[in-house]
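# Chain and residue survey
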Amino acid sequence: MIDQATVERIIDAADVVEVVQDFVSLKRRGVNFIGNCPFHSEKTPSFTVSPSKQIYKCFGCGKGGNSVNFIMEHEHLNYIEALKHLAKKFHIDVVDEEESPELAAQRNRRESMMIVSSFAAEYFSNYLFNENEGRNIGLSYFRERGFRDDIIKSFQLGYCPDQKDMFTQAAQKQGYKMEFLEETGLSIKRDEWIRDRFGGRVIFPFHNLAGRVIAFGGRVLKTDPKVAKYLNSPESEIYHKSKVLYGIFHAKNSISRNDKCYLVEGYTDVLSMHQSGIENVVASSGTSLTVDQIKLIKRFTTNITIIYDGDQAGIKASIRGIDMVLEEGVNVKVVPLPEGEDPDTFARSMNASSLLEYIASHETDFIRFKTQLLLKDTENDPVARARLINDIVKSISVIPDTITRSVYIRECSNMLDVAEDILYAEVRKIKFKITEEQIVREKRDAIRSSQEINQPVKAVIKNENPCAIEEKALLRILIRYHDNDLFSVDNDETGEEEKIKVGQYIISEIEKDNLSSVDPVIQLIYDELKEHINEEFFNPERHFVQHENRDVGNLVSGLLMDKYIESVIWKRKGAFVEDEHEILNVLVPRLIEEYKLRHVKLMKSEIMKKIGEITDPNDMERVMELQSIISNLNKVERELSKNLGKRAVTS
Ligand SMILES: [Zn+2]
């Protein structure tokens, strides 16, 4: 628990722009900042942050809130965890009871896994610097490779002792559960034995955008052909290999500042470039680039430059996935290094400015690079050449921007010696196919989402009075049974039993929530019932059937004769109808709750519609207001649904 004063200090300090900027590249627009929403995929930014109101709001997907909400949503933390995260970032001391293992166990799984990973990173780093084995083997390796201590510390490099389960034992002794040690892959447990996964390896921790450790890479230093040189954490709830980039936490600010991201292959490539002064660099570490990794980079820049070692086979393998990157609207450039060099050795051999100079003068557009590279293999082979043209055209056709596309077409026309209009025709053909597939997909999505969201709205269109069934049922019961006893309550003052009548109950419930009907005839009947119900000789059946307003007469006659309401409502409940008046004490409260539930749903869909209509980012406050009404309505809805059990009206 955190005391209220501290909570307020944290919220005051946690500037929403600063908080969001850790994860999203923001640009100023008027009084607000905008950027690409981290919660849904978008091509034009609609994620707005207001520094004056200290809130954010996405006009694409609707998410919004303050800095605490943002951290909760983005980092999958609960309220207290999000506050602690912000406290750490803004250097506010949180007085918190020492966390016992019992308390730690109560936290959610993700959080437990992150906590044990963070402990492991500290343990490995400490072992590297302060234990003989760590210093002699691990630290001396890093120093031999030329890494400075500040880089080693900043990236939390470490060493895991080569002593069977020494780390696992240390962790357990500190109260960390075997369950999470196994889950994160730090420990391997078999029937007979337990081992540290990374024993005898130097350790490269993976940090997520928030800087928390989520996984490890380990490199073995012994030369043993039976052992894999590099070993990674297994996939887990907190680590999805395809969504993570090594170095992103240390690189993000620099990527955003330079509006550019360098992509290399290995951990040491990242470290060497950092050491030479270039910090906007990440590694895909082993996997070929994925769409999720691109999206991660795209939060900070749309310019990616891939730096490859001179090995041709490596380049060709990594080229395959890059069409996906172009599709994301990212500008990809490629820098091939001289034969025999990799980014690690190359960065080591020169300082930052000459490295940047080299990159700038050797950067090639991806498509030009691909064309040149593949063209070499097609000399004197017309079939291979045709395949190449097809391949290049495919790459070009996924580029979203028309101008960029036409530039590439002109270039490729020159390089491939094919007329531009032939290339255009090919691109059109492919684009047409892509669009067709997209239309089918969008149609399917639209149908699906209209089924999910627009239920009540559709009901309004179909039927002018969306509560007609419930309202008519209530009127009928009022007219027929208003004077029947519903149930008895004990009067607090007199201590005597007091009978509540059907009419009294229904009217007080409706008045309590101020409900009214959109149907003027129904409303008129209800108003007159309310007015006369306490008169001793009031006979509602007669009163309404003979009413001067013929619509009233028609409706009430129908209600009294017709059995349709029973068949609609009671049958749907699956209740076998006994004699109606004998089960009023069950039927009437249920009907009231269904009626209220229907109203709540309608109000919600009205408000959702209003939110949807707000397009001006300056109206954020209004949106926040409406959203808080919705969350209140959600509470009411849950309460009513709970009372009704599974029998709530849903259609
Ligand atoms: Zn969004």
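Predicted, not measured: the structure shown is a model, and the values here were computed from it.

## Things to note about the confidence of the model for the chain
- Averaged over the chain, the pLDDT score is 82; the fraction of residues at 70 or greater is 87%.
- Summarising per-element confidence for the chain, the mean pLDDT is lowest in helix H22 (residues 455-462) (38) and highest in strand E6 (residues 158-160) (97).
- Counting interchain partners and residues more than four positions distant, the pLDDT-below-50 stretch residues 452-463 has seven contacts.
- A low-confidence stretch, residues 646-651 (pLDDT under 50), is modelled with 12 contacts involving residues beyond four sequence positions or located in other chains.

## As for the pairing of strand E17 (residues 485-490)
- Taken together, the five bridges between E17 and strand E18 (residues 497-501) define a ladder with antiparallel strand orientation. Paired with Val489 across the bridge in E18 is Glu498.

## Let's talk about the pattern of salt bridges
- Using the criterion set out here, one finds 26 salt bridges in the structure.
- Residues Arg148 and Asp150 are paired through a salt bridge, measuring 2.9 Å at the closest nitrogen-oxygen approach.
- Between Arg368 and Asp365 there is a salt bridge; the shortest N-O distance is 3.4 Å.
- Take Asp365: its relative accessible area is 18%, and that puts it in the buried class.
- Within this structure, Arg109, Glu179, Glu183 and Glu237 form a network of salt bridges that share partners.

## Considering empty space enclosed by the protein
- Counted by the stated rule, this structure contains four cavities of 30 Å³ or more.
- Taken as a whole, the largest cavity encloses approximately 110 Å³ of empty space.
- What lines the largest cavity is Glu471, Leu474, Leu475, Leu478, Ile510, Leu515, Ser516, Ser517, Ile522, Gln523, Tyr526 and Tyr595.
- Every element with two or more residues in the lining of the largest cavity is listed here: helix H23 (468-481) and helix H25 (520-532).
- Here the lining of the largest cavity gets four residues from one element, more than from any other, and that element is H23.
- Of the residues that constitute the lining of the largest cavity, the class distribution is eight nonpolar, three polar and one charged.
- Space inside the second largest cavity adds up to approximately 50 Å³.

## Side note on the packing of helix H6 (residues 109-130) against helix H9 (residues 166-173)
- Axis separation between H6 and H9 bottoms out at 11 Å; the angle between their running directions is 125°. In terms of axis orientation, H6 runs oblique to H9. Classified by chirality, the crossing of H9 by H6 is right-handed. Contact with H6, carried on its side by Phe119, Ala120, Tyr123, Phe124 and Tyr127, involves Met166, Phe167, Ala170 and Ala171 of H9 and no other residues of that element.
- In terms of residue class, the contact of H6 with H9 is built from nine nonpolar, no polar and no charged.

## Things to note about unusual backbone geometry
- One non-glycine residue, His91, lies in the positive phi region at around 55°.
- Tracing the sequence through the fold places His91 in the loop between helix H4 (79-89) and helix H5 (101-106).
- With phi around 55°, Gln156 is a residue other than glycine that occupies positive phi space.
- The exposure class assigned to Gln156 is partly exposed, which follows from its relative accessible area of 24%.

## Describing the layout of surface pockets
- Reported here for the second largest pocket is a volume of approximately 900 Å³.
- In terms of lining residues, the second largest pocket is bounded by 30 residues, among which Pro38, His74, Lys243, Leu296 and Arg299 are the most central.
- Mapped onto the lining of the second largest pocket, the elements with two or more residues apiece are helix H3 (67-75), H6 and helix H13 (291-298).
- Looking at which element gives the most residues to the lining of the second largest pocket, the answer is H13, with four residues.

## With respect to the packing of aromatic side chains
- Scanning the model with the defined rule gives 28 aromatic pairs in all.
- An angle of 45° between the planes, with centres 5.0 Å apart, marks the rings of Phe124 and Phe167 as tilted. Of this pair, Phe124 sits in helix H6 while Phe167 sits in helix H9, and the two are 43 residues apart along the sequence.
- The class for Phe167 is buried, based on a relative accessible area of 0%.
- Taken together, a centroid distance of 5.7 Å and an interplanar angle of 85° make the contact between Phe124 and Phe216 edge-to-face.

## Focus: the side chain of Glu593
- With respect to the secondary-structure elements, Glu593 resides in helix H29 (residues 584-613).
- Buried charge without a salt bridge: Glu593, with Lys596 as the nearest opposite-charge side chain at an N-O distance of 7.6 Å.
- Residues in contact with Glu593, not counting those within four places in the same chain, are Leu640, Asn643 and Leu644.

## Some words on the packing of helix H24 (residues 502-512) against H29
- In the contact formed by H24 and H29, the axes pass within 11 Å of each other and the chain directions differ by 15°. Relative to H29, the element H24 lies roughly parallel. For the pair H24 and H29, the sense of crossing is right-handed. Residues Val502, Tyr505, Ile506, Glu509, Ile510 and Lys512 of H24 form the contact with H29, whose participating residues are Leu584, Val588, Pro589, Ile592, Tyr595 and Lys596.

## Side note on the sheet that holds strand E10 (residues 213-220)
- What the four strands build is an open sheet, ordered E6-E9-E10-E11; its pairing is antiparallel. Two strands bound the open sheet, and with one partner strand each, they are E6 and strand E11 (230-232). Geometrically, the sheet is characterised by an average inter-axis angle of 35° between neighbouring strands, direction not taken into account.
- Judged from the seven bridges that link them, strand E9 (residues 201-207) and E10 form a sheet pairing that is antiparallel. Opposite Val202, over in E10, you have Arg219 as the bridge partner.
- Packing against the sheet, H6 makes contact with E6, E9 and E10, and its axis sits at approximately 40° to E10.

Parameters at a glance
- Positions within a chain are numbered from 1, following the residues in the order the chain's sequence is written.
- Residues qualify for local features only when their pLDDT is at least 70, as the model is predicted, and side-chain atom pairs are given and counted only at 80 or more; totals for whole chains, interfaces and linings, by contrast, use all residues.
- Heavy atoms from the whole structure form the basis of all side-chain values; hydrogens and water molecules are not counted.
- Note: pLDDT gives the predictor's confidence per residue, expressed from 0 to 100.
- Every helix listed is a DSSP run of H or I at least four residues long, and every strand listed is a run of E at least two residues long, numbered separately from the N terminus.
- Between two residues, a contact is recorded if the distance between any of their heavy atoms is within 4.5 Å.
- Two strands qualify as a pair provided that DSSP identifies no fewer than 2 bridges between them.
- Throughout this description, the term salt bridge denotes a Lys or Arg side-chain nitrogen within 4 Å of a carboxyl oxygen of Asp or Glu.
- Buried means the residue's accessible area, taken with a 1.4 Å probe over protein chains only, is under 20% of the maximum for its type, while exposed means over 50%, and partly exposed covers the values in between.
- Points on a 1 Å grid over protein atoms alone make up a cavity when a 1.4 Å probe fits among them but cannot get out, and a pocket when they form an open set with protein on both sides within 12 Å along at least five of seven lines; lining residues each have an atom within 4 Å of a point.
- Grid points are joined across faces, edges and corners, and a volume is the space filled by probe spheres set on the points.
- Three categories are distinguished: nonpolar for Ala, Val, Leu, Ile, Met, Phe, Trp, Tyr, Cys and Pro, charged for Asp, Glu, Lys and Arg, and polar for the others, with Gly belonging to the last.
- Note on definitions: angles span 0 to 180 degrees between N-to-C directions of axes, and those axes are lines fitted to C-alpha atoms, for helices only across the stretch in contact.
- Any angle between 65 and 115 degrees counts as roughly perpendicular, while under 35 counts as roughly parallel, over 145 as roughly antiparallel, and the rest as oblique.
- Crossings are assigned a handedness: left-handed for a near helix turned anticlockwise from the far helix by less than a right angle, right-handed for a clockwise turn.
- Centres within 6.5 Å are what make two rings of Phe, Tyr or Trp a pair, Trp counting through its six-membered ring; a difference in plane orientation under 30 degrees is then read as stacked, over 60 as edge-to-face, and the rest as tilted.
- By the counting rule applied here, Lys and Arg register as positive and Asp and Glu as negative, while His and the ends of each chain are not counted.

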